[in-house]
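Working through the structure, step by step
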Amino acid sequence: MEMEKLVSLCKRRGFMFQSSEIYGGLNGFWDYGPLGTELKRNVKDAWWRDMVSGHDDSSVPAAAPDAYEMTGLDCTIIMHPQVWKCSGHYDLFHDQMVDCRESKRRYRYDQIRGRWVEAKGERIFVTTVAETDREEEDTLSRALKYFNLRSKNADQLQWDGKFITLPDIDDLSRALGPDARTPGSLTEPREFNLMFKTTVGALGGEEDVAFLRPETAQGIFVNFRNVLDSTRVKIPFGIAQIGKSFRNEITPRNFTFRSREFEQMEIEFFCDPKSSNRWYQYWRDRRMRWYVDLGLAGDRLRLREHDPEELSHYSTGTADIEYAFPFLPPGDFGELEGIAHRGDFDLRSHMEGKLDENTCPLELEKGPDGKPKWKGSGRDLTYRDDATGERYTPHVIEPSAGADRATLAFLCEAYTEDEAPDEKGEMKPRTLMKFHPRLAPIKAAVFPLVKKDRMPDIAKDIYRTLKPHFAVFYDEKGAVGRRYRRQDEVGTPYCITVDGQTLEDNTVTIRDRDTLEQWRVKADACLEELRKKMS
Ligand code: ATP
């Protein structure tokens, strides 16, 4: 599938718009349109229902080591700055960036891709920030321009090797920056903290600096004691949160895949260190199954265990659930969700403020007395097992998903082109979005075949009966074939049509989006029929 087709469908049918579009947009920020809002809400609702509210605390799910409880939280976006000091984000949450002295632009070091090319006795590394499906033509035209060659002399360019990223080359002085005319304009990489800064209160001094959260997880850790004290949860249990997070990504790109404002769906699952490895396995597989059940099957979805050298300093296991997004080069996958075994790192950091010197490279600032300036909360975040009397700092398994990335993957997976008969029975190309019925923004559309003979009244009655239970849509405008196609294009699984026969025997047709199969049911049985189909 070509990404442009999906992007244009998303705009045309109201799934997604560029933020502040009438002012030229703002890079890295996206708005969801009427249908996109429903779709993303359905993704979040499915997650919350499957992981939290619909979870049965009293039984042991398949493959789980034990029964467990799930509960939710909704924390603020701005938190005490010390949270980020103790979590490590203040000192460690950065990307490497390079500046271009010539174009004055800034890029993420590991995201600039390019190729070595030689002509007229000079060898340069020509780079581009074009989307991967266009990088070939973009680097070609840049190389031709640089060497002052015409397209017909493109064979004078000697390309050497495949596309690689800046960190893969040793000599930045030979790199032609993505917007530069001469090589060597890129600076050496520097670190750039990804947290957005703001000030709290009217004074606005350095001591009032605060940050927009770069992840929702920390709100859960700092409320761990509150949840224990206000509910009767016992380990093992999980706390879930859905909410906005912000990262000042250096090069936001690929539609909503890398945005600066996005939504996360995170679980912190607290367990006994003795069984944490088994819980890690459980969550990894449980989360993978969730995507499969909602339609991301096949070889475009994969679960990838990190190699030991890829692991964060505190983690004993991390796996990513990845999807082969169509905007990535063939064979590449993008992260949808990370499932990490975080040990007791987070709770201990918030207790002691001191990250383990043996495993963590963090140097804490020292005060005049030589002691670390940033202390932990000093609160007791350990857990006492009532049954055994044992006290320990719980281990944490963290399945951390992005709601926007999941929504984008469901959109990519749903996009389908096939052929279907038009009114005259001729096969015509059609575009359809094969959303899982749970995710479809509209579950059913109701049409009168024509605007006469009581058909609109009967159709409206059906619409009103269904509306309290399902997101349904009423449409009487234009030829019915076109109305079907409009619904196919936004992924409505069922269309219900009131026609001439309805006036005789009170039955209507129901049409299936994917199979195009049509069958008749009694008009007053539509709700029941949809329920049966959707379950
Ligand atoms: P990446 O390596 O792609 O930047 P990450 O490993 O930093 O991602 P995490 O910190 O593990 O991501 O965040 C958990 C999830 O949040 C990711 O799997 C992703 O779905 C989502 N996410 C992270 N950054 C962004 C972003 N800039 N835009 C949209 N979603 C994001």
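Residue numbers run consecutively from 1 along every chain, following the written order of its sequence. Per-residue local features of the predicted model are confined to residues with pLDDT of at least 70, and side-chain atom pairs are confined, for both listing and counting, to 80 or more; whole-chain, interface and lining totals are unaffected and use all residues. The side-chain numbers reported here are obtained from all heavy atoms of the structure, hydrogens and water having been left aside.

Attention now moves to the packing of helix H2 (residues 34-53) against helix H8 (residues 276-293). Angles run from 0 to 180 degrees between N-to-C directions of axes, and those axes are lines fitted to C-alpha atoms, restricted for helices to the stretch in contact. Secondary structure elements are taken from DSSP: a helix is a run of H or I of four residues or more, a strand is a run of E of two residues or more, and numbering for both begins at the N terminus. Packing of H2 against H8 leaves a shortest axis separation of 12 Å and a crossing angle of 140°. As summarised for this structure, H2 and H8 are arranged oblique, according to the angle between their axes. As for how H2 packs across H8, the hand of that crossing is right-handed. Of H8, the residues touching H2 (which contributes Val43, Ala46, Trp47, Asp50 and Met51) are Trp283, Arg286, Arg287 and Trp290. Each residue is assigned to one of three groups, with Ala, Val, Leu, Ile, Met, Phe, Trp, Tyr, Cys and Pro labelled nonpolar, Asp, Glu, Lys and Arg labelled charged, and all others, Gly among them, labelled polar. Split by residue class, the contact of H2 with H8 holds six nonpolar, no polar and three charged. An angle below 35 degrees is read as roughly parallel, one above 145 as roughly antiparallel, one from 65 to 115 as roughly perpendicular, and any other as oblique. Helix crossings are classified by the rotation of the near helix relative to the far one: an anticlockwise turn of less than a right angle makes the crossing left-handed, while a clockwise turn makes it right-handed. Any two residues whose heavy atoms approach within 4.5 Å are treated as being in contact.

Once that is clear, we can look at the nonpolar core. Nonpolar core, defined: a set of buried Ala, Val, Leu, Ile, Met, Phe, Trp, Tyr and Cys residues in which side-chain atoms within 4.5 Å join the residues together. Exposed residues in this analysis have more than 50% of their type's maximum accessible area, buried residues have under 20%, and partly exposed residues fall in between, with area computed by a 1.4 Å probe over protein chains only. Core analysis: the biggest nonpolar cluster contains 60 residues, and Trp283, Tyr291 and Phe325 have the highest contact counts within it. A total of eight residues in this core trace back to one element, the largest contributor, which is helix H10 (residues 403-414). Residues in contact with Trp283, not counting those within four places in the same chain, are Met51, Tyr68, Met70, Ile267, Phe269, Ile339, Ile397 and Pro399.

So, on to the pairing of strand S26 (residues 507-512). The element S26 is extensively covered by neighbouring structure, given that six of its six residues are classed as buried. Neither face of S26 is left uncovered, since the one carrying Thr507, Thr509 and Arg511 and the one carrying Val508, Ile510 and Asp512 both have all their residues buried. Where strand S25 (residues 494-498) meets S26, four bridges bridge the pair, whose relative direction is antiparallel. Bridge pairing in S26 places Ile496 opposite Ile510. We treat two strands as partners when DSSP finds at least two bridges between them. Two elements, S26 and strand S27 (residues 518-522), share five bridges in a ladder whose sense is antiparallel. Within S27, the position partnered with Arg511 by the bridge is Gln518. Between S26 and S27, which pair antiparallel one after the other, the connecting turn spans five residues, and Leu516 there sits at a positive phi close to 65°.

Below, the discussion takes up the domain arrangement of the protein. Each domain's extent was defined by an automatic or database domain assignment. One can read the domain layout of the protein as domain 1 (3-93 + 195-410), domain 2 (96-192) and domain 3 (442-534). Of the residues lining the interface, 12 residues belong to domain 1; the matching set on domain 2 comes to 14 residues. What gets called buried area is simply the loss in accessible area from a 1.4 Å probe that two parts show on being joined, summed for both. Summing the contributions of domain 1 and of domain 2, the shared interface buries around 1000 Å²; its carbon and sulfur component is 41%. Here, a salt bridge means any Lys or Arg side-chain nitrogen found within 4 Å of an Asp or Glu carboxyl oxygen. Joining domain 1 to domain 2, the criterion identifies one salt bridge. Residue Glu249 pairs with Arg108 through a salt bridge whose shortest N-O separation is 3.5 Å. Counting of polar contacts relies on pairs of N or O atoms within 3.5 Å, with two restrictions inside protein: one atom must be capable of donating a hydrogen and the other of accepting it, and residues adjacent in sequence are counted only when both atoms are side-chain atoms. Scanning the region where domain 1 abuts domain 2 turns up two residue pairs in polar contact (both at pLDDT 80 or more). Split by residue class, the side of domain 1 that touches domain 2 holds five nonpolar, three polar and four charged.

Now for a positive patch on the surface. Two joining distances apply to patches: 9 Å for like charges and 5 Å for nonpolar side chains (Val, Leu, Ile, Met, Phe, Trp, Tyr), and every residue must have over 30% relative accessible area and no salt bridge. For every accessible area listed, the method is Shrake-Rupley and the probe measures 1.4 Å; residues are considered covered only by the protein chains on display. Charged residues are defined here as Lys and Arg on the positive side and Asp and Glu on the negative side; His and the ends of the chain fall outside this count. Here the site of a charge means atom NZ of a Lys, CZ of an Arg, CG of an Asp or CD of a Glu. A contiguous patch of positive charge, built from Lys451, Lys477, Arg482 and Arg486, is present on the exposed surface. Its location among the elements puts Arg486 in helix H12 (residues 480-490).

A molecule or strand has a residue near it when one of that residue's heavy atoms lies within 4 Å. The full set close to the ligand counts 15 residues, and Arg247, Glu249, Arg258, Ser259 and Glu335 are the nearest of them. Ser259 has a polar backbone atom sitting 2.8 Å from a nitrogen atom of the ligand. At the level of secondary structure, the elements contributing two or more residues to the shell around the ligand comprise strand S14 (261-271), strand S17 (334-343) and strand S20 (395-402).

With that settled, consider the sheet that holds strand S24 (residues 472-474). Within the open sheet, the five strands sit side by side as S24-S23-S25-S26-S27. Their pairing is mixed. Looking at which strands have only one partner, the edges of the open sheet turn out to be S24 and S27. The mean inter-strand angle of the sheet, taken between neighbouring strand axes irrespective of direction, is 25°. Sheet topology note: the strand S23 (residues 444-448)/S24 ladder contains three bridges and is parallel. Bridge assignment links Ala444 to a residue of S24, and that residue is Val472. Contacts between helix H14 (residues 526-534) and the sheet are confined to S23, S25, S26 and S27, with S27 contributing the most and set at about 130° to the helix.

Spatial ordering of the open sheet is given by S8-S6-S7-S9, a layout of four strands whose pairing is mixed. Sheet topology places strand S8 (158-165) and strand S9 (175-176) at the edges, where each strand pairs with a single neighbour. Here strand S7 (residues 122-128) pairs with S9 via two bridges, running parallel. Within S9, the residue paired with Val126 across the bridge is Leu176. Contacts between helix H5 (residues 135-146) and the sheet are confined to strand S6 (113-119), S7, S8 and S9, with S7 contributing the most and set at about 140° to the helix.

Another point: the pattern of salt bridges. Tallied over the full model, the rule gives 47 salt bridges. Lys11 is the partner of Glu21 in a salt bridge, and the nearest nitrogen-oxygen pair spans 3.2 Å. Remark: Lys11 occurs in helix H1 (residues 3-12) and Glu21 occurs in the loop between strand S1 (16-18) and strand S2 (30-32); sequence separation between them is 10 residues. Across the pair Glu102 and Arg181 runs a salt bridge whose closest N-O atoms are separated by 3.6 Å. Of the two residues, Glu102 is situated in the loop between strand S4 (94-99) and strand S5 (106-108) and Arg181 in the loop between S9 and strand S10 (190-193); the sequence distance between them amounts to 79 residues.

Side chains of Glu2, Glu4, Asp133 and Glu137 sit close together on the surface and give a patch of like negative charge. Judged by its relative accessible area of 52%, Glu137 is exposed.

In predicted models, pLDDT denotes the confidence assigned by the predictor to each residue on a 0 to 100 scale. Predicted confidence across the protein gives a mean pLDDT of 92, with 96% of residues reaching 70 or more. In the model, residues 356-363 has pLDDT below 50 throughout and makes nine contacts with residues more than four positions away in sequence or in other chains.

Our next topic: the side chain of Thr492. Counting through the fold element by element, Thr492 comes out in the loop between H12 and S25. Judged by its relative accessible area of 1%, Thr492 falls in the buried class. Setting aside anything within four residues of it in sequence, one finds Thr492 in contact with Ile442, Lys443, Ala444, Ala445, Gln487 and Arg513.

Within the secondary structure layout, Asp512 lies in strand S26. The exposure class assigned to Asp512 is buried, which follows from its relative accessible area of 14%. With 19 residues separating them in the primary sequence, Asp512 and Pro493 have C-alpha atoms 6.1 Å apart. Apart from residues no more than four positions distant in its own chain, Asp512 is found in contact with Pro493, Tyr494, Glu517 and Trp519. Engagement of the side chain of Asp512 in a polar contact is seen with the backbone nitrogen of Thr515, the distance being 2.9 Å.

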